[in-house]
Amino acid sequence: MRVALVAQDGKKEALRAWASKHEVKLAGHDLVATGGTAQVLSECGLTARALASGPLGGDLHAAHLVATGEVDFCVFFRDPAVHPAHEADVAALVRLALVHDVPLAQNESTANAVLSALL
Ligand SMILES: O=C(CO)COP(=O)(O)O
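Residues numbered from 1 in each chain as written. Predicted model: local features only at pLDDT ≥ 70, side-chain atom pairs only at ≥ 80, totals over all residues. Heavy atoms only, no water.

## Considerations on helix H1 (residues 12-21)
Move 1: Buried within H1 are the following residues: Lys12, Leu15, Trp18 and Ala19. For H1, the angular spread of the buried residues around the axis is 125 degrees, confining them to a single face. For H1, the exposed residues set more than 90 degrees away from the buried face come down to Glu13 and Lys21.
Move 2: Its buried side turned inward, H1 meets strand E1 (2-7), helix H2 (23-27), helix H3 (35-43), strand E4 (73-77) and helix H6 (108-118). (Buried < 20%, exposed > 50% of the residue type's maximum accessible area, 1.4 Å probe, protein only. Helix = DSSP H or I, 4+ residues; strand = E, 2+ residues; numbered from the N terminus. Arc of directions from axis to C-beta. Contact = heavy atoms within 4.5 Å.)

## Some words on the UniProt feature "binding site: substrate" (unreviewed entry) in the protein chain
Move 1: In the numbering used here, UniProt assigns the "binding site: substrate" (unreviewed entry) feature to Lys12, Ser53, Gly54 and His86. Lining the largest pocket, from this annotated set, are Lys12, Ser53, Gly54 and His86.
Move 2: Along the chain, the position of Gly54 falls in the loop between strand E3 (49-50) and helix H4 (58-67).
Move 3: When sequence neighbours within four positions are dropped, the list of residues in contact with Gly54 reads Thr34, Asp59, His86 and Asp89. (UniProt positions renumbered as here; feature names shortened; annotations may be inferred. 1 Å grid on protein atoms, 1.4 Å probe; cavity = no way out; pocket = protein on both sides within 12 Å on 5 of 7 lines; lining within 4 Å.)

## What about the pairing of E1?
Across a regular strand the side chains alternate sides, sitting on one face of the sheet and then on the other.
Move 1: Most of E1 sits inside the fold, with 5 of its 6 residues counted as buried.
Move 2: In the sheet, E1 pairs with strand E2 (residues 30-33) via 4 bridges, with the strands oriented parallel. The residue bridging Val3 from the neighbouring strand is Leu31, located in E2.
Move 3: The sheet contact formed by E1 and E4 spans 5 bridges and is parallel. Bridge assignment links Leu5 to a residue of E4, and that residue is Val75. (Pairing = 2+ DSSP bridges.)

## Details of the packing of H1 against H3
Packed helix pairs are characterised by how far apart their axes lie and by the angle those axes make with each other.
Move 1: The interhelical angle for the contact between H1 and H3, taken along N-to-C directions, is 40 degrees, at an axis separation of 9 Å. On the basis of the axis angle, H1 is oblique to H3. Considering how the two elements wind past one another, H1 and H3 form a crossing that is right-handed. Of H3, the residues touching H1 (which contributes Lys12, Leu15, Arg16 and Ala19) are Gly36, Thr37, Val40, Leu41 and Glu43.
Move 2: Among the residues making up the contact of H1 with H3, the classes are represented as 4 nonpolar, 2 polar and 3 charged. (Axes fitted to C-alpha atoms, helices over the stretch in contact; angles between N-to-C directions. Parallel < 35°, antiparallel > 145°, perpendicular 65-115°, else oblique. Left-handed = near helix turned anticlockwise from the far one by under 90°. Nonpolar A, V, L, I, M, F, W, Y, C, P; charged D, E, K, R; others polar.)

## Describing the sheet that holds E1
Working definition: the strands of a sheet are paired by backbone hydrogen bonds and lie parallel or antiparallel to each other.
Move 1: Taken together, the 5 strands give an open sheet; going across it, the order is E3-E2-E1-E4-E5, and neighbouring strands pair in parallel fashion. Of all strands in the sheet, those bounded by a partner on one side alone are E3 and strand E5 (104-105).
Move 2: Those strands touched by helix H5 (residues 87-99) are E1, E4 and E5, and its axis lies near 145 degrees from that of E4.

And the structure:
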C-alpha cells in the first residue's frame, strides 16, 4: 500500500506517537510524507519519501499524488486550533481525497481504524 502522511506542527507529537506505535506495520508499506513529517517518521525509524515541507508545496504535491492514483491511504493529522497560511493547499489535499475516494484519516481514531482495515 502507498501511504501519504502529513501532520501539521501542532500534531507532530501525535503523529510521532501514532507512527511509533504502528512502526512495524507501517514499515512494510511505501510511505511518502511532507518534509517535516518525513523527519518525524525518520526519528521513529521509518523511511518515507520526503516531499517539500507542507507550506512550501508538500501538501499540494501530496494532493497531486492522490489525484494521480498514487496514494491508497492518506493520514493527515490536522490541528483544529490553527488556520495555516497555506490553508488553500490543505483544502486541496482534503478535497482531492474526497474526489478520488481515498481513505483520509484526520485524527488518530480514524487512522487506527483504517490501518486495521487496510494494512
Ligand atoms: O504543513 C503541513 C501540513 O499542512 C505539514 O508540513 P510538514 O510535514 O512539512 O511540516
